[in-house]
Amino acid sequence: DRRILDLLVDLLELEGYEVSSAMDGAEGAGLAHSFAPDVVISDVVMPVVGGLELCRGLKQDPKTASIPVLLISGIRKADEAGMEGLYAGADDYLDLPFRNEELLVKVARLVERHRSAAALRESEERYRQLVELSPDAIVILRKGKFTYLNPAAQRLWGAMDPGELIGKSLLTVVHPDFHDHVHEQIEYIQQFQQPAPLAEQKCIRLDGTVIDVEVTGLPF
């Protein structure tokens, strides 16, 4: 409905949002792919491509899957359209007629959630790059077994591929004389939930070579 569309655009622009609009789902999908919107607001019933189909398409595409979708409908019963919207992957639902404040609150929440998630992903990616590029060997253990090794850790133990150690016990690359000390370090970390003191140990590379290392551990 052109009147509803114009109302939505006016309301959102007055709140300071930059808004792009489309008259059908196909055009809307193209807009969503042309830039990175913080939220997509869509009518359920539209020409060419309906809102449910649009929502499914956005959620199935890795490039747009994280964009929140708010579905609006004034034709179907709220509970019926809302359930279908949830099955389509919609993040929220609004029934016509709606109160302006209700719309703006829902949009603000979805936008904040999307931006927070994007910031978290960016932070995690920076952290991942730091770990991957670190000259120090960094590993993650679960129940004493390797779940992750950075490239420096692979080089330290002479692994051509992380799969050579993933799933194996840390003790397989620790010299037997230091097994008790490793257990003490792990118990210390678990009990006090703080880093273990830096300590000298001997490790065994996959080719059998014994090497001297300095080791610490952090709770994860």
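Structure shown above.
Calculation notes
- Residues numbered from 1 in each chain as written.
- Predicted model: local features only at pLDDT ≥ 70, side-chain atom pairs only at ≥ 80, totals over all residues.
- Heavy atoms only, no water.
- Helix = DSSP H or I, 4+ residues; strand = E, 2+ residues; numbered from the N terminus.
- Buried < 20%, exposed > 50% of the residue type's maximum accessible area, 1.4 Å probe, protein only.
- Contact = heavy atoms within 4.5 Å.
- Polar contact = N/O pair within 3.5 Å; in protein donor to acceptor, adjacent residues only side chain to side chain.
- Core = buried A, V, L, I, M, F, W, Y, C linked by side-chain atoms within 4.5 Å.
- Pairing = 2+ DSSP bridges.
- Axes fitted to C-alpha atoms, helices over the stretch in contact; angles between N-to-C directions.
- Left-handed = near helix turned anticlockwise from the far one by under 90°.
- Nonpolar A, V, L, I, M, F, W, Y, C, P; charged D, E, K, R; others polar.

Caption draft 1: Expanded view of the environment of tyrosine 148. Within the secondary structure, tyrosine 148 is located in strand S5 (residues 145-149). Residue class for tyrosine 148 comes out partly exposed when judged on its relative accessible area of 22%. Counting along the chain gives 14 residues from tyrosine 148 to proline 162, while the straight-line C-alpha distance between them is 7.5 Å. Tyrosine 148 has contacts with Val131, Glu132, Ile138, Val139, Ile140 and Ile166, leaving out every residue within four places of it along the chain. Only 2.4 Å separates the side chain of tyrosine 148 from the side chain of glutamate 132, close enough to count as a polar contact.

Caption draft 2: Molecular detail of the nonpolar core. Of all hydrophobic cores here, the largest spans 15 residues; its most connected members are Val40, Leu58, Val69 and Leu71. Of all the secondary-structure elements, those providing two or more residues to this core are helix H3 (51-60) and strand S2 (69-73). Of all the elements, H3 adds the most residues to this core, at four residues. Beyond its immediate stretch of four places on either side in the chain, valine 40 contacts Ala32, Leu58, Ile67, Pro68, Val69 and Leu70.

Caption draft 3: The arrangement of unusual backbone geometry in detail. In this model, leucine 96 is joined to proline 97 through a cis peptide bond whose omega is -5 degrees. Here proline 97 lies in the loop between strand S3 (92-95) and helix H5 (100-133). Residue lysine 143 is not a glycine yet carries a positive backbone phi of 55 degrees. Examined against the element boundaries, lysine 143 turns out to sit in the loop between strand S4 (139-142) and S5. Its identity as a non-glycine residue notwithstanding, glutamine 193 has a phi of 50 degrees, on the positive side. Relative to the assigned elements, glutamine 193 resides in the loop between helix H7 (179-192) and strand S6 (199-204).

Caption draft 4: Expanded view of the pairing of S6. Only one face of S6 is buried: it carries Ala199, Gln201 and Cys203, and the other face, with Glu200, Lys202 and Ile204, is open. Direction of pairing for S6 relative to strand S7 (residues 210-215): antiparallel, over a ladder of six bridges. If you follow glutamate 200 over to S7, its bridge partner there is glutamate 214. Between S6 and the antiparallel strand that follows it, S7, lie five residues; glycine 208 among them carries a positive phi value of about 95 degrees.

Caption draft 5: Spotlight on the packing of helix H1 (residues 2-14) against H5. One can describe the packing of H1 onto H5 by two numbers: an axis separation of 11 Å at closest approach and a directional angle of 65 degrees. Like other packed secondary-structure pairs, H1 and H5 cross with a definite hand, here right-handed. Residues Leu8, Leu11 and Leu12 of H1 touch H5, and the partners they reach there are Asn100, Leu103, Leu104 and Val107. Of the residues in the contact of H1 with H5, the class split is six nonpolar, one polar and no charged.

Caption draft 6: Quick peek at the sheet that holds S2. Ordered by their spatial adjacency, three strands build an open sheet running S1-S2-S3, and the pairing between neighbours is parallel. Here the strands that pair on one side only, and so sit at the sheet edges, are strand S1 (40-43) and S3. For this sheet the average axis-to-axis angle between neighbouring strands, irrespective of direction, equals 25 degrees. Summarising the sheet, S2 and S3 pair through four bridges and their orientation is parallel. Bridged to leucine 71 within S3 is tyrosine 93. Against the sheet, H5 engages S1, S2 and S3, with an angle of about 170 degrees to S3.

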